[in-house]
Amino acid sequence: MVTICLGLEGTAHSFGAGVVSSDGKVMSNVWDMIRPQKGGIHPREAARHHSEKGPTIIRHALEEAGVTAQDIQLVAFSRGPGLGPCLRTTATMARVLALHLSVPLVGVNHCVAHIEIGCLESGFQDPVTVYVSGGNTQVIAFAGGRFRTFGETLDIAIGNMLDVFGRSAGMRFPAGPEIEREAQLGREYHALPYSVKGMDLSYSGMLTAARRLLSGGVPLPDVCFSIQETAFGMLAEIAERAIAHTKKRELLLTGGVARNSRLTEILSGVAVRHDVRFHRVSPSLAGDQGAMIAWTGILQYLAGNTVDVAESQVLPRWRTDEQEIRWRAM
Amino acid sequence: MVEYTVIAVGAESEILRTRLWSRELVVKRRPAKPYLHDKIDAYLRRYRTVRECKMLAYARGLGIPTPAVYAVDLAECSIVMDYVDGVQLKELVGHVSPEQLVRLCKRFGEMIAGLHRGDVVHGDPTTSNVLVEPSGRMWIVDFGLADVNATVEMKGVDLHLVRRALETTHWQHQEQMLKAVLDGYQSIVGDGADEITRRMEEIRQRGRYH
C-alpha cells in the first residue's frame, strides 16, 4: 500500500509544504520565501511570514496533489537545524495537523532531507553530497550508519557570504542569482584569499577582501567573477578530498546555491576527473521545500522512526551526524 | 628511461614510485585541473609544491620524521622525495590491538605537538597522512597545506581537523583515539595545550547556523 506524506519545511527564510507518496512520487511542492525590502533575514520576521503564509501554502499543496487532508497518512516537519522561531512555528503547524488527522508525526533533519531528495531524483545510492545554501556549506557522506560531515565552513556559509557581499553592492536578498549574472560579464580575475584547511574551508577572509576590491574601484562584474571562481574552486577541492578519501562513486550537488551554473560546471569537471557520476539537484528540489521533508519523513516512518507530539521539541542545533539513519544499510 | 608505478591518486596529486640514483623514491606530481580558473590553478599548484618542499625540510629540523626532498620541478609541479616503506595509520585502525592503537595515536599527537611547538601547523592532519613502518617508526607526510608562524587559532584548527578525521573515518574508535592523540600532544606542549584544545572546541561550534 502507498503511504502519502505531507511535509512541512520552515527552518529559515522559506516556508514550504509538499506531498509525496511512498513510491517516490512528488505530488506537489509549494513554497514561499520572505524577501525583505532591505537587509537580511530577521528570525522573528521570518517566523511571522511562516505563520501568515503557512495555512494557504499547505492548502495549495493539498489541492495541487489532488488529495484532501483525510488522505494524508503521515505528517513530517523540519525539526532542525535552523532558526528557533521559524522551527517552532513550523513544528506547531505540524503537531496540530498530526493530532487533528490522528496520523503519526515524523521529525526530519533538514540536511538529511536535502540529501535524500537528491538521491530520489538522481537514483544515487551512496553519494558524496555537496550541500550549499544560505546557512550551510557541508560535504557529507554516509558512513557507519550516519551521514557524516567530512568538511564544512569554519565561519560563514557560502550563501551567506554571497548575500553579505551582495548587500554591500546594493543587491537585494538573495544576491546569488544577481552575482551569477554579473560574473558572466566579468573578464579579469583578481586574486582573493583561498582558504582550505584539510576538508574544511573559510569564507570570511574572502568576503572582506572582495568588499575591499569593490570599494577600491574594481568593476562589479570582475569582483563577482573573482568571488565565484575562488569560492567554487575551494568547494571543488574539498569535494575532491572527500571523494578521494571515501572512494565513493557518486557526487551530488544540492541546496539553494546548487542553482548556480558555474558551480555545477566546476563540480562536473571534478566528477570527470575522478570518474564518478554527477548530479545537480533540479532547481525546484534544490532549495528549501516541503517535498524533501515529506520524502525523508516516509523513509524514516517506514524505518519505525516517528516522534510523539509531547516529545517533538525542535532541535535548532541538530548536527547531521547526530541522527542514526535506520533506513540505510550499514 | 625511468620507470614509474602509480601508487596513489589523491585529491590534488598523484604519487608515483620509482627507483633512481640507486634509491627508492616517490614523485609527487600536481597535475593541472582544467575546471578551475587557470590563474587559481597555476597559483595553487605552484604555491603548494614550493610550500611542501620547504615545510618537509623545516619539519625535519624540528625533529619530526618526514621524507627527504631530492629534487623539485616547478614547471611540472613535482617533487622527488624518499619512499617510506609504511602503511597509512588509517589502514591500521581496526587491525591492531587497542594498546597498539593508543601507542600509535599518542605518537601521532606527539608529532603534531612537535610541529606546533615550532609554530608550524600541518594543515591536513588526517590518519591518511601518517605512515607507519613495519618497525613501528612513524612518519608524517603531505605538507602542501602547512603553514608557519602559527597562532593559537591555527593550532586549534589543526586539532579540530584531527578530530574531524577521527569522527568521519574512525567513528568506532574515535573517543579512545582522540584521547590518545591529545595525551601525546599534551605531553610535548605542556601547559599551553589547554588553551589550544579549548580553541579546538570553540571552532567546532562555529559555521553552523543556529
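Residues numbered from 1 in each chain as written. Chains lettered and ligands numbered in written order. Predicted model: local features only at pLDDT ≥ 70, side-chain atom pairs only at ≥ 80, totals over all residues. Heavy atoms only, no water.

1. Re the overall build of chain A
Put simply, the rule reads: Per the convention used, a helix needs a DSSP run of H or I reaching at least four residues, while a strand needs a run of E reaching at least two, with both numbered from the N terminus. In this treatment the radius of gyration is a C-alpha quantity, and the globule benchmark scales as 2.2 Å times the residue count to the 0.38 power. Burial status follows relative accessibility: with a 1.4 Å probe on protein chains alone, a residue under 20% of its type maximum counts as buried, one over 50% as exposed, and anything between as partly exposed. Whether two residues are in contact is decided by their heavy atoms, any of which lying within 4.5 Å being enough. Charged residues are defined narrowly, with Lys and Arg counted positive, Asp and Glu counted negative, and His plus the chain ends left uncounted. Note on charges: their place is set at NZ of Lys, CZ of Arg, CG of Asp or CD of Glu.
On a plain count of helices and strands, chain A comes out with ten helices and twelve strands. The C-alpha radius of gyration computed for chain A amounts to 20 Å, which stays within 12% of the reference 20 Å derived for 330 residues, consistent with globular compactness. When the backbone C-alpha atoms are referred to their principal axes, chain A occupies close to 60 × 45 × 30 Å. Here chain A holds 330 residues, and the buried ones make up 64% of them. Within chain A, residue pairs in contact and separated by at least 24 positions form 76% of the contacts whose partners lie at least 6 positions apart. For chain A, the distance from the average position of its 32 positive side-chain charges to the average position of its 32 negative side-chain charges is 3 Å.

2. Brief notes about the packing of aromatic side chains
Aromatic ring pairs are reported here in terms of the distance separating the ring centres and the angle at which the planes meet. Threshold: Stacked, tilted and edge-to-face are the three classes assigned to paired rings of Phe, Tyr and Trp, where Trp is represented by its six-membered ring and a pair needs centres within 6.5 Å; plane angles under 30 degrees give stacked, over 60 edge-to-face, the rest tilted. Put simply, a charge is over a ring when the Lys NZ or the Arg CZ is close to the ring centre, within 6 Å, and near the line of the ring normal, within 35 degrees.
Scanning the model with the defined rule gives two aromatic pairs over all chains in all. Here the aromatic rings of F142 of chain A and F147 of chain A are separated by 5.4 Å at their centres, their planes lie at 70°, and the arrangement is edge-to-face. According to the relative accessible area criterion, F147 of chain A is buried, its value standing at 3%. When the ring of Y43 of chain B is compared with that of Y47 of chain B, the centres are 5.3 Å apart and the planes differ by 25°; the resulting orientation is stacked. Within this pair, Y43 of chain B and its partner Y47 of chain B are both found in helix α1 (residues 38-61), separated by four residues, close to a single helical turn. Across the ring face of F142 of chain A, the terminal group of R328 of chain A is positioned such that the distance to the ring centre comes to 5.9 Å.

3. Some thoughts on the state of the cysteines
To keep things clear, this is the line we draw: The disulfide criterion used throughout: a pair of cysteine sulfur atoms within 2.5 Å.
Under the definition given, this model contains zero disulfides over all chains. Summary of cysteine pairing: C111 of chain A is not part of a disulfide, and the nearest cysteine sulfur, belonging to C119 of chain A, is at 14 Å.

4. Overview of the nonpolar core
Using the following cut-off: To qualify as a nonpolar core, a set must consist of buried Ala, Val, Leu, Ile, Met, Phe, Trp, Tyr and Cys residues joined through side-chain atoms within 4.5 Å. A domain assignment, automatic or from a database, supplies the domain bounds used here.
Counting residues in hydrophobic clusters, the biggest one holds 86 residues, and the most contacted among them are I158, M161, Y203 and L251 of chain A. With 13 residues, helix α7 (residues 220-246) of chain A is the single largest residue contributor to this core. Each of domain 1 (4-113 + 287-322) and domain 2 (115-285) of chain A accounts for three or more of the residues forming this core. Excluding its chain neighbours within four sequence positions, the residues that come into contact with L251 of chain A are F124, V128, V130, A239, I243, L267, V270, A271, V276, R277, F278 and H279 of chain A. Core analysis: the second largest hydrophobic core is formed by 39 residues, F108, V130, M138 and L166 of chain B among them.

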